[in-house]
Protein chains: 2
Amino acid sequence: MPIRGDPDSLSVGHHVDAVEDIRSILRQAAADRFDFVSIPLAAPQGQGVDYDFRPSVESCLTLEGEQWRTVVVGRVSESLDPDTASTFSEAEVLRSCLETELRWAAHLGLQYAILPPPHSALDKGATGSGCSYARAVGDLLAGGLFSLAALEDAAPVALQVPATSSGWKAWNRFRTLCDHHVRLCCALELTVDKTSEKELERWLAEPVRCVILSPSTFLLNRSGYPVLPKKAKALLEQLFRRQVQVIIAEPQSVEQNEGLLPRLSYIARLFQALPPLSQAERFAYSHMDTLQAPLQPLADNLESETYELFETDPVKYAKYQEAVFIFLTERKQEGRPMPFCVMVLGAGRGPLVEAALKAAERAEVEVDLYAVEKNPNAVQALRHRKRRDGWSSVQVVPGDMRSWDAPKKADVIISELLGSFGDNELSPECLDGAQRFLASDGVCIPISYTAALTPVTAPGLWANARQGAAGGGVADLETAYVVHMQHAFYPCSAVKDCFEFHHPNWTMESNDRCVDLDFEIEVDSLVHGFAGYFDCVLYGPEHISIHPKNFSVGMFSWFPMFFPLRHPQYVPRGSIIRSHWWRRHDAHKVWYEWALTEPAPTEVQNPGGRSWPIGLL
Amino acid sequence: MPIRGDPDSLSVGHHVDAVEDIRSILRQAAADRFDFVSIPLAAPQGQGVDYDFRPSVESCLTLEGEQWRTVVVGRVSESLDPDTASTFSEAEVLRSCLETELRWAAHLGLQYAILPPPHSALDKGATGSGCSYARAVGDLLAGGLFSLAALEDAAPVALQVPATSSGWKAWNRFRTLCDHHVRLCCALELTVDKTSEKELERWLAEPVRCVILSPSTFLLNRSGYPVLPKKAKALLEQLFRRQVQVIIAEPQSVEQNEGLLPRLSYIARLFQALPPLSQAERFAYSHMDTLQAPLQPLADNLESETYELFETDPVKYAKYQEAVFIFLTERKQEGRPMPFCVMVLGAGRGPLVEAALKAAERAEVEVDLYAVEKNPNAVQALRHRKRRDGWSSVQVVPGDMRSWDAPKKADVIISELLGSFGDNELSPECLDGAQRFLASDGVCIPISYTAALTPVTAPGLWANARQGAAGGGVADLETAYVVHMQHAFYPCSAVKDCFEFHHPNWTMESNDRCVDLDFEIEVDSLVHGFAGYFDCVLYGPEHISIHPKNFSVGMFSWFPMFFPLRHPQYVPRGSIIRSHWWRRHDAHKVWYEWALTEPAPTEVQNPGGRSWPIGLL
């Protein structure tokens, strides 16, 4: 009964309107193979000032705590939006009723409560002018009403909103007024009629806790079975991968199950028809929701487990092997004298050494191979493999490539020093420091790499970053993070190239950079920051890339980076985001700075590398 | 030689282009009655990559430190804007030259250095796309280049910008990129041609350090003397009150003084023709640049000096006396039995008692007067005055009006419990607690009051608040402040009424409030928060007000309040600011919350009164 789904399972529930006997309702739901039910929190009663709270069930004693927690979701009464009141005192009454019901849901220990849609989400096109509803809910969240809920059930309050454009605007307004509280999520009504695809895709980055399917959402196919219209189906399939629950909202009647069950089996078939997760997707899910400060391999020594994990990448080393093979074959065809001198810089536990040796064997060339590694613990593994695997042509060199006194010049320098944003693990500085032992006609693999960026909506990442590692101050929002989850953000525009580096860099061109990037925004968006990628040419046609345009399918060694903005920016469609990016250095460190000037100027983030320096030493 | 002007004096300097002999230049300037000169920091030299810094003077030994500090201002070379470079490496050269000159200015200890206008300020209408100039300057400011400058000379870097619309945009962009650094100010070129009055007025809230008058700004009048065109003159007169310096930029030639001196005497005449400061203005200046958390008179006892200061207000007590006189006269004319029972609640050291007694004497009525005061130290003064001034009809009552067991019912309750925002010192709660001893046909003076608000540009206030009293965190930007300086902000729209209260409140209507206010923005603005005012009806036609529409001229007891926004909002002209205001309470405190929903939603500020509670106890 996976009420909080994992990517391999689905949790489907249905609305119950009248709660006569909750135990028999649950028995029937289980028999029908529903995972949970959603019930009204209050019994039917007077509205507005006549409201007098009576719970829909006798008390918390009706069920065990475990049942409340796992198989029941609560719905706050409709018409409790304080912004619909005509007087202040009436609004106060509604606010107080709202509070009573939410406190009741918290008392029962329900996993979450669904709030009725804000008035402004329903006014087609119009923006509601009040915001007392959001203020009231924000107050309860900030006051810690749900702070006892387990962290994995981190969003105990779900605001119901239609998936339309005005629904998104109402949601964006509500959550911003609640200061992006991590315990507020949305319950998405899948009404998609005139909403464009771009507008629907915005929901993919939002914290959608459940999808509500009302009867009117379904069509009947020619055989008389309920199906979803194309756009709704497409959105639901994408949301399945984001671990949403599904709630079928069906008016109850005598023939209840006759309406519900065909819909349940349609949803189940839709889910089961999804392709199984790939190895890379599985890896991503296992690391989901994590924000990680990028590695600083110059400063830190990796652990064996980290090496082992990345060595299993099914794509990366095959690409390197092919690139080295092409290079060696060219040299051989040019009739150059053998053995060729191959240097692997940052050899780790040897995957690039192995790839190079295989390439040499396949090209039928002799090589002298130097495996340089600064981590003394990894050097033990290299020596072990030299003995075990008969690497007679390999010399293991412990030490830093920037200070190694090489015995001869290399025909090719092979390295894997890239971070998710390309140069962010200081590959340019390392290779510039090593190229003094590259022959004048020598080659570097990789030969070049380019960082790329796009603005993204990423409420979860941003809220996590804000609470984050550096203690919740400015520094947390001036650091970029490796994002272990492709789904955690939604790109608001095209991806554009940023910084580019080529090797060897014989003219010793500065590795500082400054780039201005404009992005067109197609739908109203809340921009939380930028996603960063890299695209890397190894040699000839061989490349490795996490850039969406030419992603190396199946490669899982890198996830995108997330550069947060200190303040999320609301950007209306048709606007331009003009962003500015700097890569700078001093004697001790390299750092990035970034700022916007359109639609409005922002402060420069990470000035002087104050929050996020990348150590050179 | 008041280089940092006070409101009664003016400091005028002139540009010097070539610095052959700085000592003789200063001698001549003093003889001509100039207060200072501005000199180029560097001697003429190659531009761009050919730049090779040579100072314009031999070294710092040329003058005494005191002279560098007080009579010399430096100008950074033109053409050092890195955003004008066509390549990144050229931009780096310009940035480095800029840094060299600013470090030289800091070394000499000059009061400030003038930076050349950013490229984007000069492109008529167009927005420059780069922002490396601002980044470079922000870097030096954040790096503490000028942190040794004295605090009273808090803005050692002045960016030259024209007073035009594109000049303001360039300035706004530059200072935002520099994260609103308090040490960055502007040097305003008074070129006003097609700029609207509203656009010009925006400068009144900006940190204008000096006004630069170029020859083309002047016209010749019919007598052949230089004068300023009307709009320029009007802006300059307003800026005089904001303590700007004036720099006359005159191309140097043999007839130098013939050009300079008539302009100097025109400026001097303009300044001397200003009306002298009123008592209220003088008081404001003496408290200028201060942000003060509002009084909490329920929690704090005022000191004698504070009482004494406010008792000297030439307007407030006269208005109270008139109001009481009208009331007593009406009662007398109705033939009601005397003596009338008058209660002064919060009597302090007695100014309202005195006003009431004078009103009674003038109206020729008998009164029984009760003077209730909770501050035991002030009670001593009341008793002293009863003896000294023969207040035989006065009974001094030590204690809290909310718990006083009054011996009879009052015909009138007189109080002065208002704060700058009307109810913010909890007048509603105090008077609701006291009205149980008001006769059923009794009257309260004041009878009603209304808080009012307008969005403002207030870069200095905002930056001070951010650094502020509560330790530089969120709390500092969720507290409102009393602003001791009318000039510190510039209203971006009309003033609108917010919360209203009436006394007596026989129905005990809640003192919680919720109001939504829309403001139209007439020119592109950076909105830092809201200014708050009150308007108060004492009795009949008598009112006291700090609302701009009907300000009680000469009254100085209250200054406006400043409600900051956590993040300044850039609002293009023609937009609406939709703001939301709540007054709320619990058992221990009253508080305000505020938020925007247009042009973009913001978080609710001060939720639950977390940063700024107003204690009820």
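Criteria and cut-off values
- Residues numbered from 1 in each chain as written.
- Chains lettered and ligands numbered in written order.
- Predicted model: local features only at pLDDT ≥ 70, side-chain atom pairs only at ≥ 80, totals over all residues.
- Heavy atoms only, no water.
- Least-squares fit on C-alpha atoms with pLDDT ≥ 70 in both.
- Contact = heavy atoms within 4.5 Å.
- 1 Å grid on protein atoms, 1.4 Å probe; cavity = no way out; pocket = protein on both sides within 12 Å on 5 of 7 lines; lining within 4 Å.
- Points joined across faces, edges and corners; volume = space filled by probe spheres on them.
- Helix = DSSP H or I, 4+ residues; strand = E, 2+ residues; numbered from the N terminus.
- Nonpolar A, V, L, I, M, F, W, Y, C, P; charged D, E, K, R; others polar.
- Buried area = accessible area lost by both parts, 1.4 Å probe.
- Salt bridge = Lys/Arg side-chain N within 4 Å of Asp/Glu carboxyl O.
- Polar contact = N/O pair within 3.5 Å; in protein donor to acceptor, adjacent residues only side chain to side chain.
- Expected span 1.5 Å × (residues − 1).
- Buried < 20%, exposed > 50% of the residue type's maximum accessible area, 1.4 Å probe, protein only.
- Domains from an automatic or database assignment.
- Pairing = 2+ DSSP bridges.
- Phe/Tyr/Trp six-rings, centres within 6.5 Å; stacked < 30°, edge-to-face > 60°.
- Lys NZ or Arg CZ within 6 Å of the ring centre and 35° of its normal.
- Axes fitted to C-alpha atoms, helices over the stretch in contact; angles between N-to-C directions.
- Parallel < 35°, antiparallel > 145°, perpendicular 65-115°, else oblique.
- Left-handed = near helix turned anticlockwise from the far one by under 90°.

Per an unreviewed UniProt entry, chain A carries the name Protein arginine N-methyltransferase and comes from Durusdinium trenchii.

Engineer: Any details on the relation of the copies chain A and chain B? Residues and values, ideally.
Structural biologist: Least-squares fitting of chain A to chain B yields an RMSD of 0.0 Å, with the transformation described by 0.0 Å of translation along the axis and a rotation of 180 degrees. Here the transformation between the copies is reduced to the relation of a two-fold axis. Using C-alpha coordinates, one finds that chain A approaches the rotation axis most closely at His567(A), a distance of 4.0 Å. Take the interface residues of chain A: 98% of them recur as interface residues in chain B, which is what a same-surface contact looks like.

Engineer: Give a detailed account of empty space enclosed by the protein, specifying residues and quantitative values.
Structural biologist: If you walk through the whole model with that rule in mind, you get three cavities of 30 Å³ or more. If you add up the space inside the largest cavity, you get close to 60 Å³. Together, Trp582(A), Arg584(A), Pro82(B), Phe88(B), Ala91(B), Glu92(B), Arg95(B), Ser132(B) and Arg135(B) line the largest cavity. Elements supplying a minimum of two residues to the lining of the largest cavity: strand E25 (576–585) of chain A together with helix H3 (88–108) and helix H5 (132–142) of chain B. Looking at which element gives the most residues to the lining of the largest cavity, the answer is H3(B), with four residues. Considered class by class, the residues forming the lining of the largest cavity number four nonpolar, one polar and four charged.

Engineer: Give me the lowdown on the interface of chain A and chain B, citing residues and values where you can.
Structural biologist: Much of the literature gives interface size as the accessible area that the parts lose upon coming together. Counting residues at the interface gives 41 residues for chain A and 40 residues for chain B. Where chain A abuts chain B, roughly 3200 Å² becomes buried across the two surfaces, and 58% of that area is made up of carbon and sulfur atoms. Our count for the contact surface shared by chain A and chain B stands at six salt bridges. The partner of Glu92(B) in a salt bridge is Arg584(A), with the nearest N and O atoms 3.4 Å apart. Remark: the boundary between chain A and chain B carries 13 residue pairs in polar contact (both at pLDDT 80 or more). Elements with a contribution of two residues or more to the side of chain A that touches chain B: helix H3 (88–108), helix H5 (132–142), helix H6 (165–177), strand E21 (513–520), strand E24 (561–571), E25 and strand E26 (589–598) of chain A. Residue contributions to the side of chain A that touches chain B peak at five residues, all from E26(A).

Engineer: Can you tell me about helix H12 (residues 316–333) of chain B, naming the residues and giving the values?
Structural biologist: Residue and element names in this part refer to chain B. Taking 1.5 Å of rise per residue, 18 residues should cover 26 Å, and H12 covers 26 Å from first to last C-alpha, within 8% of that figure. Along H12, the residues classified as buried are Lys316, Tyr317, Tyr320, Gln321, Ala323, Val324, Phe325, Ile326, Phe327, Leu328, Thr329 and Arg331. The positive-phi residue at the C-terminal boundary of H12 is glycine 335, with phi of around 75 degrees.

Engineer: Provide a residue-level description of the domain arrangement of chain A, including the pertinent values.
Structural biologist: Residue and element names in this part refer to chain A. As far as domains go, chain A holds domain 1 (12–276), domain 2 (304–416) and domain 3 (448–615). The straight-line distance from the C-alpha centre of domain 2 to that of domain 3 is 31 Å. Counting from both sides, the interface comprises 14 residues of domain 2 and, opposite them, 13 residues of domain 3. Note on domain 2 versus domain 3: buried area summed over both sides is about 1200 Å², and carbon and sulfur give 70% of it. Scanning the region where domain 2 abuts domain 3 turns up zero salt bridges.

Engineer: So what about the pairing of strand E6 (residues 184–189) of chain B? Which residues, and what values?
Structural biologist: Residues and elements named next belong to chain B. Taken across its six residues, E6 has six buried, putting it largely inside the fold. Burial along E6 is two-sided: the residues Leu184, Cys186 and Leu188 and Cys185, Ala187 and Glu189 are all buried. Strand direction decides the pairing type here: strand E5 (residues 157–162) and E6, joined by six bridges, are parallel. Bridge pairing in E6 links alanine 158 to cysteine 185. Pairing of E6 with strand E7 (residues 208–213), which is carried by four bridges, proceeds in the parallel orientation. Pairing of leucine 188 across the sheet is with valine 211, part of E7.

Engineer: Can you explain the packing of aromatic side chains? Please cite residues and give values.
Structural biologist: On inspection of all chains with the given rule, the structure shows 44 aromatic pairs over all chains. Note on Phe534(A) and Trp558(A): the rings are 4.9 Å apart at their centroids and 80 degrees apart in plane angle, and the pair reads as edge-to-face. Residue Phe534(A) is found in strand E22 (residues 525–539), and its partner Trp558(A) is found in the loop between strand E23 (542–545) and E24; the two are separated by 24 residues along the sequence. With relative accessibility at 0%, the residue Phe534(A) sits in the buried group. Take Trp558(A): its relative accessible area is 10%, and that puts it in the buried class. In this structure, Arg135(A) packs its charged tip against the face of Trp582(B), placed 5.6 Å from the ring centre. The positively charged end of Arg362(A) is found above the aromatic ring belonging to Phe325(A), 3.8 Å away from the centroid.

Engineer: Give me the pattern of salt bridges: which residues, what numbers.
Structural biologist: Counted by the stated rule, this structure contains 64 salt bridges over all chains. The residue Asp139(A) makes a salt bridge to Arg135(A) at a minimum N-O spacing of 3.5 Å. Placement of the pair is Asp139(A) and Arg135(A) together in helix H5, with a separation of four residues, close to one helical turn. Taking relative accessible area as the criterion, Arg135(A) reaches 3% and is therefore assigned buried. Residues Lys589(A) and Asp586(A) are paired through a salt bridge, measuring 2.6 Å at the closest nitrogen-oxygen approach. According to the relative accessible area criterion, Lys589(A) is buried, its value standing at 18%. Each of Asp179(A), Arg466(A), Glu478(B), Arg566(B), Glu603(B) and Arg610(B) takes part in one network of salt bridges that share partners.

Engineer: Quick one: what's the story with the sheet that holds E21(A), residue by residue and with numbers?
Structural biologist: Sheet strands pair by backbone hydrogen bonding; their relative direction is either parallel or antiparallel. All names here are of chain A. Pairing in this open sheet of four strands is antiparallel, and the strands run E21-E25-E26-E27 from one edge to the other. Whereas interior strands pair on both sides, the edge strands pair on one side only; in this sheet they are E21 and strand E27 (614–615). Looking at chain direction, E21 and E25 are connected through eight bridges and run antiparallel. Residue pairing across strands places arginine 513 opposite arginine 583, the latter belonging to E25.

Engineer: Kindly report on unusual backbone geometry, identifying the contributing residues and their values.
Structural biologist: Most peptide bonds take the trans form, and the phi angle of most residues other than glycine is negative. Following Met338(A), the chain continues to Pro339(A) via a peptide bond in cis, the omega torsion being -5 degrees. By secondary structure assignment, the location of Pro339(A) is in the loop between helix H12 (316–333) and strand E12 (340–345). At Asn606(A), a residue that is not glycine, the phi angle is positive and equals roughly 60 degrees. Following the sequence through the fold, Asn606(A) ends up in the loop between E26 and E27. Even without being a glycine, His180(B) presents a positive backbone phi close to 55 degrees. Relative to the helices and strands, His180(B) resides in the loop between helix H6 (165–177) and E6.

Engineer: Provide a residue-level description of the environment of Gly399(B), including the pertinent values.
Structural biologist: Residues and elements named next belong to chain B. Looking at the element boundaries, glycine 399 is found in the loop between strand E14 (394–398) and strand E15 (410–415). Exposure remark for glycine 399: the relative accessible area of 26% places this residue in the partly exposed category. C-alpha separation for the pair glycine 399 and asparagine 375, spaced 24 residues apart in sequence, amounts to 7.6 Å. Excluding residues that lie within four positions of it along the chain, glycine 399 makes contacts with Val372, Glu373 and Lys374.

Engineer: Which residues make up the packing of H12(A) against helix H13 (residues 351–363) of chain A, and what values go with them?
Structural biologist: All names here are of chain A. Where H12 contacts H13, the two axes come as close as 8 Å, and the packing angle between them is 40 degrees. Classified by the angle between their axes, H12 and H13 sit oblique to one another. In terms of crossing hand, the pair formed by H12 and H13 is right-handed. On H13, the residues touching Tyr317, Tyr320, Gln321, Glu322, Val324, Phe325, Leu328, Thr329 and Lys332 of H12 are Pro351, Leu352, Ala355, Ala356, Lys358, Ala359, Ala360, Arg362 and Ala363. Class assignment for the residues of the contact of H12 with H13 results in twelve nonpolar, two polar and four charged.

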